[in-house]
Amino acid sequence: MTGLTPLTATTGAADPQAVYRDLQERWGVVAPVELEPGIPAWLVMGHHEICQVVRNEQLFSRDPNNWRLFSEGIVSPDSGLGPMMFPRDNAYFSDGDKHRRLRGPLDDGLESLDEHRMARFIRAMCVDLIREVEHQGSADLVTDYAAVVPMLTVAGFFGIGPEQGHELRAALMALFSSAEDSQAEAYNLERILTGVMNARRKMPADDLTTAFLRHPNLRDDFEIQQSIVLMISSGYESTTTWIAQTLRLMLTDPRFAGRLRGGRLGIDDALDEVLWRDPPMANMPARYALVDCELGGAHIQRGDALVMGFHAANNDPRVHTDDPWLEVGNRSHLSWSAGPHACPAQRPGRMITRIAVDTALHRLHDVTLAIPAGEIELLPSPWTRCPASLPVRFTPPVQRS
């Protein structure tokens, strides 16, 4: 097919739902899109259709070795899609018994986290970050805050200190951009983690790196490294975007801000509204058809790639209404996916986001956006819609006393 809509048109648009509607009017709830020039895929936009795909490993595989364009060498080995769509030995890119074996260390590691200690650490860090900027009367709530909290938290799980945080963030931003430098930065991320693994072999610690090194399910260093890559990358990116999008709505949507600040909307309900309106992963790669089949009226061929359009599906009228009061408590959104590959880190992700948003809400006074809302730019990515910057002004403590 030619003349297909680039997938980046959905994440970069001011009104992504308008792009999704155009696609659905032309093609239906399963539409062909272009991942990069000459590389097509199917974008699944219906809630029911996504559930069909993610819950059926017999028809739709997570293993990129089943992607026809990859196995036939049509996708360049240097493609920016590599870090998100090329095979890796971790739970994300596997099915069945292998997936269960590789997911075990993730589930065990998350279960072992002391949530009370973690909450105290996150709260103290959020307060410290606000204190660093509150006397200035201005800050960037992405680079100074929303991107820092998850990175220091998730990296801390693995015993990675803050001195490497900026380098890790740069690598992860490139990885999720799927741009030309994404593979080089993915290798840089792996280099950092290999160094941490070697250090923990010499001096074990009470962290997840040590736990992964000792876990019987992980058979070699590559599986250990790739499992850490998966947890850090997914934990950092999704949580950063969730925090940033919540803060963006607080600053740009008077209805949302009024309900939140006025106490008519609980913090968890507010976070759920963000998951519905602008989920951390707008488009999730990918599933690969194992047989010729039909999905949502589209004829899928064996080896085709399917991208899960969570942002579009969350607006599916079959599961979501336009009445915000009716939607309070509705958690049937697909922001965490579903099926065997549903996100294992929903509890810690919500904890990090809740504390970060709540701290900013109560410690920044008279906070306003320093630029017009229409000038907020998004980080380039076909997968996520994270604000690149949220410059704000607020009243410093000395002026409030």
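As the structure is a computational prediction, the values presented were derived from the model and not from experiment. (Residues numbered from 1 in each chain as written. Predicted model: local features only at pLDDT ≥ 70, side-chain atom pairs only at ≥ 80, totals over all residues. Heavy atoms only, no water.)

J.: Run through the overall build of the protein, naming residues and quoting values.
T.: Across its full length, the protein holds 18 helices and 11 strands. What you see for the protein is a C-alpha radius of gyration of 21 Å, in line with the 21 Å of a compact globule of 401 residues. Here the C-alpha coordinates of the protein stretch approximately 70 × 55 × 35 Å along the principal axes. Counting all 401 residues of the protein, 57% fall into the buried class. For the protein, long-range pairs separated by at least 24 residues make up 71% of all intrachain contacts whose partners lie at least 6 apart in sequence. (Helix = DSSP H or I, 4+ residues; strand = E, 2+ residues; numbered from the N terminus. Rg over C-alpha atoms; globule rule 2.2 N^0.38 Å. Buried < 20%, exposed > 50% of the residue type's maximum accessible area, 1.4 Å probe, protein only. Contact = heavy atoms within 4.5 Å.)

J.: Kindly report on the environment of Asp128, identifying the contributing residues and their values.
T.: Note that Asp128 resides in helix α7 (residues 115–134). Owing to a relative accessible area of 40%, Asp128 belongs among the partly exposed residues under this scheme. It is 16 Å that separates the C-alpha atoms of Asp128 and Arg354, two residues lying 226 residues apart in sequence.

J.: Tell me what's going on with the environment of Pro83, and back it up with residues and numbers.
T.: Counting through the fold element by element, Pro83 comes out in helix α5 (residues 82–85). Sequence separation of Pro83 and Ser337 is 254 residues, and the distance between their C-alpha atoms is 20 Å. Not counting the four nearest positions on each side in its chain, Pro83 is found in contact with Arg88, Phe93, Leu175, Ser182, Gln183 and Ala186.

J.: Report on the side chain of Asp304, specifying residues and quantitative values.
T.: For Asp304, the position within the fold is in the loop between β8 (298–300) and β9 (305–308). Separated by 2.9 Å, the side chain of Asp304 and the backbone nitrogen of Gln301 make a polar contact. For Asp304, the residues in contact, after removing those within four places along its chain, are Trp42, Arg68, Arg287, Tyr288 and Ala289. (Polar contact = N/O pair within 3.5 Å; in protein donor to acceptor, adjacent residues only side chain to side chain.)

J.: Lay out unusual backbone geometry in plain terms, naming residues and giving numbers.
T.: Positive phi, normally seen in glycine, also occurs at Ser337, with a value near 65°. Summarising the element assignment, Ser337 is placed in the loop between α16 (310–313) and α17 (346–363). A positive phi angle is found at Asp366, which is not glycine, with a value near 55°. For Asp366, the location among the structural elements is in strand β10 (residues 365–369).

J.: Describe the packing of α7 against helix α9 (residues 148–157), and please don't skip the residues or the numbers.
T.: One way to put it is that α7 packs onto α9 with a least axis distance of 10 Å and a crossing angle of 145°. In terms of crossing hand, the pair formed by α7 and α9 is right-handed. When α7 is examined against α9, the residues Met118, Phe121, Ile122, Met125, Cys126 and Leu129 are found in contact with a partner set consisting of Val148, Val149, Leu152, Thr153 and Phe157. Grouping the constituent residues of the contact of α7 with α9 by class yields 10 nonpolar, one polar and no charged. (Axes fitted to C-alpha atoms, helices over the stretch in contact; angles between N-to-C directions. Left-handed = near helix turned anticlockwise from the far one by under 90°. Nonpolar A, V, L, I, M, F, W, Y, C, P; charged D, E, K, R; others polar.)

J.: If you had to explain the pairing of strand β6 (residues 284–289) to someone new, which residues and values would you point to?
T.: The buried fraction of β6 is high, at six of six residues. Relative to β6, strand β4 (residues 60–61) runs antiparallel, the two being bridged by two bridges. Within β6, the position partnered with Ser61 by the bridge is Tyr288. With three bridges joining them, β6 and β9 adopt antiparallel strand pairing. Paired with Met284 across the two strands is Met308, which belongs to β9. (Pairing = 2+ DSSP bridges.)

J.: Any details on the nonpolar core? Residues and values, ideally.
T.: In terms of nonpolar packing, the biggest core is built from 127 residues, with Leu35, Trp67, Met85, Tyr145 and Leu306 touching the most fellow members. Examining the composition of this core, we find that 14 residues originate from one element, helix α13 (residues 221–252), more than from any other. Those residues in contact with Leu35 that lie beyond four places of it in its chain are Leu7, Ala41, Trp67, Leu81, Met85, Val307 and Trp383. (Core = buried A, V, L, I, M, F, W, Y, C linked by side-chain atoms within 4.5 Å.)

J.: I'd love a proper account of the layout of surface pockets, names of residues and values included.
T.: Where empty space is left in the structure can be found by rolling a water-sized probe over the atoms. The volume enclosed by the second largest pocket comes to roughly 350 Å³. Leu113, Arg117, Gly156, Phe157 and Asp206 are the residues nearest the centre of the second largest pocket, which is lined by 13 residues in total. Looking at the lining of the second largest pocket, the elements that each hand over two or more residues are α7, α9 and α12 (208–214). Taken together, the residues of the lining of the second largest pocket sort by class into six nonpolar, three polar and four charged. (1 Å grid on protein atoms, 1.4 Å probe; cavity = no way out; pocket = protein on both sides within 12 Å on 5 of 7 lines; lining within 4 Å. Points joined across faces, edges and corners; volume = space filled by probe spheres on them.)

From the geometry alone we can't say anything about function, so treat these as descriptive.
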